[in-house]
Amino acid sequence: MQEGLIKALIRDNGPISVERFMAMAISAYYAKGTAFGRQGDFTTAPEISQVFGELIGVWCCLVWESLGRPAPFHLVELGPGRGTLMADLLRSSTIMPGFLTSARLHLVETSPALRAQQAETLKPHAPIWHETLRSVPMDAPLIVVANEFLDALPIRQYVRKSGAWFERLVGLAKNGALEFQTADEAEAILSQPGFLRNVPDGAVWETNPQALALVDDLSSRLRLQGGGALFIDYGPLESGLGDSLQAVKGHAFTPVLAEPGLADLTAHVDFAALARRARESGLKDWGPVPQGVWLQRLGIAPRTSQLAATASQDRRDLLVSASRRLIDPQEMGTLFKVLALAAPCLSLPPGFEVT
Ligand SMILES: C[S@@+](CC[C@H](N)C(=O)[O-])C[C@H]1O[C@@H](n2cnc3c(N)ncnc32)[C@H](O)[C@@H]1O
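About the thresholds
Residues numbered from 1 in each chain as written. Predicted model: local features only at pLDDT ≥ 70, side-chain atom pairs only at ≥ 80, totals over all residues. Near = placed C-beta within 6 Å. Helix = DSSP H or I, 4+ residues; strand = E, 2+ residues; numbered from the N terminus. Nonpolar A, V, L, I, M, F, W, Y, C, P; charged D, E, K, R; others polar. Pairing = 2+ DSSP bridges. Axes fitted to C-alpha atoms, helices over the stretch in contact; angles between N-to-C directions. Contact = placed C-beta atoms within 7 Å. Parallel < 35°, antiparallel > 145°, perpendicular 65-115°, else oblique. Left-handed = near helix turned anticlockwise from the far one by under 90°.

### Comments concerning the site of the ligand
Thinking step 1. In the vicinity of the ligand lie 19 residues, with Tyr30, Thr44, Gly79, Gly81 and Asn147 positioned nearest.
Thinking step 2. Only helix 2 (18–32) and helix 3 (45–48) provide two or more residues apiece to the shell around the ligand.
Thinking step 3. Here the residues of the shell around the ligand sort into 10 nonpolar, 6 polar and 3 charged.

Here it is, written out as structure tokens:
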């Protein structure tokens, strides 16, 4: 159905940006609410092991403590999926007296089907839902967490041709299928990062306007309200070139334009660009640190052993292999990174020590 709408839009108005295409495909995709787990299309870290959300809970408790234990404070998750990460986070936060009773829970989620699943999982904590961060109250400090949220925000792509940058578009081929095209007019890319000069024709550069706008919003809020934000996602350590747009369906890659609305569409996160933007507007930033390193610093090994000690043999094997999957450099340990942004008053948050 979404494919029909996208094609009709292009027929009526001409080719659309990759950003528009991705936004239309993603909103239809998550509206179904069936993305996660073995029966779905992909498995995220909190769905692999409870330890993931628990350690993020430990991080939130320590940040809350270093903020001076504010009561109340706003605990926000961006893109909470099935609510699994938040449920594990809240359970583990009972190690810090006062955290849970001080937290006001806010979930930024656009999918009605996933909101319903989150309501089921998080009912006792009375969450409040938001379409965007903008409607979260501004009257108290903020702790924000987001796992695999930024990669779902729509990107713009630019292709280098004859020494200039042309936006990559989605249009219709002669046979009526969706195809990539490029804009007729070149665009001057303002505030060009240095690496965008002198690149060969054919190179692709990606930028994520919504992720940058989110950092702007966070910057003004964190400086005003106090607090910190934790982003976990996949992408390189440094900004660079390349087409990272990908579609996944049934745990396998599928062509990006093949089934809009029926496959998950993501792009790698340019952490360095987000950190630069945060720094320019007066925030502190730490990372990105590889997920495996960060989880080990937060204590994934002792927590896994603690759970394994009282588990059956089968459950013990599952716990150990799940933790390994999260930290192994060949699996999620290196591709996934962790970035923290915070108000200038916050000191080094856990997991970001420079060794
Ligand atoms: C890949 S899932 C990650 C879910 C969860 N954080 C996890 O780790 O299992 C992306 C989540 O972001 C939500 N989402 C995607 N685009 C969004 C947007 N523009 N605004 C708010 N939520 C969005 C999806 O509905 C989904 O809950």
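Having seen the model, we can carry on.
### A short note on the sheet that holds strand 15 (residues 336–342)
Thinking step 1. Within the open sheet, the 7 strands sit side by side as 4-3-2-5-10-15-14. Their pairing is mixed. Each edge of the sheet is formed by a strand with only one pairing partner; in this case those strands are strand 4 (128–130) and strand 14 (284–290). Direction aside, neighbouring strands of the sheet carry axes that sit 20 degrees apart on average.
Thinking step 2. Across 7 bridges, the pairing between strand 10 (residues 227–234) and strand 15 is antiparallel. In the sheet register, Ala229 faces strand 15, and the bridge partner there is Leu341.
Thinking step 3. Strands in contact with helix 4 (residues 50–66) are strand 2 (73–78), strand 5 (142–147) and strand 10; relative to strand 5, the strand with the most contacts, it is inclined by about 160 degrees.

### Some details on the sheet that holds strand 11 (residues 246–249)
Two strands in a sheet stick together by hydrogen bonds in their backbones, pointing the same way (parallel) or opposite ways (antiparallel).
Thinking step 1. Judged by pairing direction, the sheet is antiparallel, and its 3 strands sit side by side in the order 12-11-13 without closing on themselves. Each edge of the sheet is formed by a strand with only one pairing partner; in this case those strands are strand 12 (252–254) and strand 13 (264–266). With direction set aside, neighbouring strand axes in the sheet form an average angle of 40 degrees.
Thinking step 2. Alignment of strand 11 against strand 12, held across 3 bridges, turns out to be antiparallel. Residue pairing for strand 12: Val248 is matched across the bridge by Phe253.

### Considering the packing of helix 11 (residues 300–309) against helix 12 (residues 313–327)
Thinking step 1. Interaxial distance between helix 11 and helix 12 falls to 9 Å at its minimum, and their mutual angle equals 165 degrees. It follows that helix 11 is roughly antiparallel to helix 12 by the angle criterion. For helix 11 against helix 12, the interelement crossing comes out right-handed. Counting all contacts with helix 11, which are made through Ile300, Thr304, Leu307 and Ala308, the residues of helix 12 involved are Arg316, Leu319, Val320, Ser323, Leu326 and Ile327.
Thinking step 2. Grouping the constituent residues of the contact of helix 11 with helix 12 by class yields 7 nonpolar, 2 polar and 1 charged.

Functional significance is not addressed by these values, which are geometric in nature.
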